[in-house]
2 protein chains.
Amino acid sequence: MEARRRICLTVAYDGTAYCGWQVQKNGNTIESELNRALSELTGEKIQVIGASRTDAGVHGLCNLAVFDTCFRIPAEKLPYALNQRLPEDIRVRESKEVAPDFHPRRCRSRKTYEYHILNAPFSNPVKRLYSYFTYAPLDVEKMRQAAAYLVGEHDFASFCSAGSQAETTVRTIYDLTVEKSGDEIVIRVTGSGFLYNMVRIIAGTLMEAGRGRMASEKMEEVLAAGNRTAAGPTAPACGLILTEICYERQENSDFFTNPA
Amino acid sequence: MEARRRICLTVAYDGTAYCGWQVQKNGNTIESELNRALSELTGEKIQVIGASRTDAGVHGLCNLAVFDTCFRIPAEKLPYALNQRLPEDIRVRESKEVAPDFHPRRCRSRKTYEYHILNAPFSNPVKRLYSYFTYAPLDVEKMRQAAAYLVGEHDFASFCSAGSQAETTVRTIYDLTVEKSGDEIVIRVTGSGFLYNMVRIIAGTLMEAGRGRMASEKMEEVLAAGNRTAAGPTAPACGLILTEICYERQENSDFFTNPA
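Residues numbered from 1 in each chain as written. Chains lettered and ligands numbered in written order. Predicted model: local features only at pLDDT ≥ 70, side-chain atom pairs only at ≥ 80, totals over all residues. Heavy atoms only, no water.

**A word on the side chain of Ser109(B)**
In this structure, Ser109(B) sits in strand 5 (residues 109-119). With near-sequence residues (within four places) excluded, Ser109(B) lies in contact with Gly191(B), Ser192(B), Ile245(B), Cys246(B) and Tyr247(B). (Helix = DSSP H or I, 4+ residues; strand = E, 2+ residues; numbered from the N terminus. Contact = heavy atoms within 4.5 Å.)

**What about the relation of the copies chain A and chain B?**
Each of the two chain copies can be brought onto the other by rotation about an axis and movement along it. The two copies are related by a screw motion: chain A maps onto chain B through a turn of 180° and a shift of 0.0 Å along the axis, at an RMSD of 0.0 Å. Read as a symmetry element, the transformation amounts to a two-fold axis. The residues that chain A uses at the interface reappear at the interface of chain B in 100% of cases, marking a shared surface. (Least-squares fit on C-alpha atoms with pLDDT ≥ 70 in both.)

**Notes on helix 5 (residues 218-225) of chain A**
Residue and element names in this part refer to chain A. Residues of helix 5 that are buried: Met219, Val222 and Leu223. The arc that holds the buried residues of helix 5, viewed along the axis, is 95°, so those residues lie on one side. More than 90 degrees from the buried face of helix 5, the exposed residues found are Glu220, Glu221 and Ala224. Backbone geometry just after helix 5 places Gly226 at a positive phi near 65°. (Buried < 20%, exposed > 50% of the residue type's maximum accessible area, 1.4 Å probe, protein only. Arc of directions from axis to C-beta.)

**As for the pattern of salt bridges**
One pass over the structure, following the stated rule, counts 30 salt bridges over all chains. A salt bridge links Arg128(B) to Asp14(A); the shortest N-O distance between them is 2.9 Å. Of the two residues, Arg128(B) sits in the loop between strand 5 and strand 6 (132-134) while Asp14(A) sits in the loop between strand 1 (5-13) and helix 1 (30-42), which places them in two different chains. Accessibility expressed as a relative area gives 2% for Asp14(A), which makes it buried. (Salt bridge = Lys/Arg side-chain N within 4 Å of Asp/Glu carboxyl O.)

**Notes on the packing of aromatic side chains**
Enumeration over the complete set of coordinates arrives at 12 aromatic pairs over all chains. Pairing Tyr80(A) with Phe122(B) gives two aromatic rings, centres 5.1 Å apart and planes at 50°, and the pair type is tilted. A residue pair is termed interchain when its members come from two chains, as with Tyr80(A) in helix 2 (residues 78-83) and Phe122(B) in the loop between strand 5 and strand 6. Here the aromatic rings of Phe156(A) and Phe159(A) are separated by 6.1 Å at their centres, their planes lie at 65°, and the arrangement is edge-to-face. When its relative accessible area of 0% is taken as the criterion, Phe159(A) is described as buried. Above the face of the Tyr174(A) ring, Arg110(A) is positioned so that its terminal group lies 3.7 Å from the ring centre. (Phe/Tyr/Trp six-rings, centres within 6.5 Å; stacked < 30°, edge-to-face > 60°. Lys NZ or Arg CZ within 6 Å of the ring centre and 35° of its normal.)

**Some words on the interface of chain A and chain B**
The interface is formed by 23 residues belonging to chain A together with 23 residues belonging to chain B. Contributions of two or more residues to the side of chain A that touches chain B are made by strand 1, strand 3 (59-69), helix 2 and strand 4 (90-98) of chain A.

**Details of the confidence of the model for chain A**
Residue and element names in this part refer to chain A. Of all residues in chain A, 95% have pLDDT values of 70 or greater, and the mean over the chain is 93. Across residues 252-256, confidence stays below pLDDT 50; counting only partners more than four residues off in sequence or on other chains, it has 17 contacts. Prediction confidence for the complex, expressed as pTM and ipTM, is 0.92 and 0.90 respectively. (pLDDT = per-residue confidence, 0-100.)

**Thoughts on unusual backbone geometry**
For Asn197(A), which is not glycine, the phi torsion reads 65° and is therefore positive. In this fold, Asn197(A) is placed in the loop between strand 9 (184-191) and helix 4 (198-210).

**Considering the packing of helix 3 (residues 140-148) of chain A against helix 4 of chain A**
All names here are of chain A. Across the interface, helix 3 lies against helix 4 with an axial gap of 8 Å and an inter-helix angle of 130°. In terms of axis orientation, helix 3 runs oblique to helix 4. Crossing hand, helix 3 versus helix 4: right-handed. Here Lys142, Met143, Ala146 and Ala147 of helix 3 come into contact with helix 4, specifically with Leu206, Met207, Ala209 and Gly210. Of the residues contributing to the contact of helix 3 with helix 4, the split by class is 6 nonpolar, 1 polar and 1 charged. (Axes fitted to C-alpha atoms, helices over the stretch in contact; angles between N-to-C directions. Parallel < 35°, antiparallel > 145°, perpendicular 65-115°, else oblique. Left-handed = near helix turned anticlockwise from the far one by under 90°. Nonpolar A, V, L, I, M, F, W, Y, C, P; charged D, E, K, R; others polar.)

Below, the structure is given as structure tokens:
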């Protein structure tokens, strides 16, 4: 009998054409493409476990896909074999053997997302798929002031769309920055995990502050309300990109940190 | 009778889905989309004159489209009216009335193109449409050394694909830089004008030098040969983007410089 190993893939994707990460009955997903390519390659029925179940239209540079296999191939050769079987908008960037108990959603991690905004009089066709365009001028300083209220451990119930299955709405944001370069604004947020649509609701609420439609100090009340209706709109998916996932090193395992 | 005016549009586009700028019998082009939108709006039969007839798959941030019209609308309102009638991958960014004798290809100008290369072990899905991916490591210093031979006035016959209708193959390159940031290399070239495929052949030849398949000093011979076969391959279209066009100010006209 072949030895069974647990493999962790680092996967980058352009989410434009997909109904999100998670397998769905109707519509193509990143996960289903990976399952298909892995099953074809190994001859086993593979179902990967993802680190982040990104929504339809959201992009990823470093999501993780974990699976067990008896297929004999050095882990580091897998990207080459898989990329041949995957569409161009999904690329396996890395592959490692990991501890047999490693679960990419149950193990403690820090995830970083970026939300990209194009703030200009007119859209830019070559950036349109990877940023949210708004011509309404955004005041980055006001966005930063509002963002500061969200850093730390809080109940983020106001920043969670209906349909979440989370047991608790308490999360920790370690870092939340707003940077402007030319006509592009990038909101970068690192946290212990994120509720359903949390980053997009944060981005939508920060843009309300940036437009002057909400005072920056009001962010404290929004957070305290514990109610989705208190926050701003959910910003569109195309501006969101998962850029980094780091795991805590633990004893009795050889997890990597920063697999991207 | 209405006053006839000459209008100059600044146009950005994602070239991925188009057969290039210039109207063609078979296939959609940027120019034909602009002609359609302008004709619909004005009720006149409009045929624009472009500053740069970019190839299929090449992108542009600031190409110019010049036309005459009797349609009464302030020039600065045109982008709003036109963008509603254009697909998302084409945007009119600016519109100005110009001198009636302004011709965007006959008037002296400086054009800047960038060629974007993703040099990494694996492709990046969110950059794939706007850069050329190669895993072969490129030595930027060797590319710079090779690039230095091309700056100045030269006969660029070696860097011109068959099918060119140019009267002379002499052109001036004012500036040619190679910059690396992370896994992205950008070749930026500013010149008095470019022959058919010239920037893509320069990029292809610089990559030969960067890979060590051609000594940087050999660029002098390549230039002297006056023969397309002496240079490297034509780099793929997706990496190329027209980023700037500047016109010389002239007496008796009110041309702008740097319309982007």
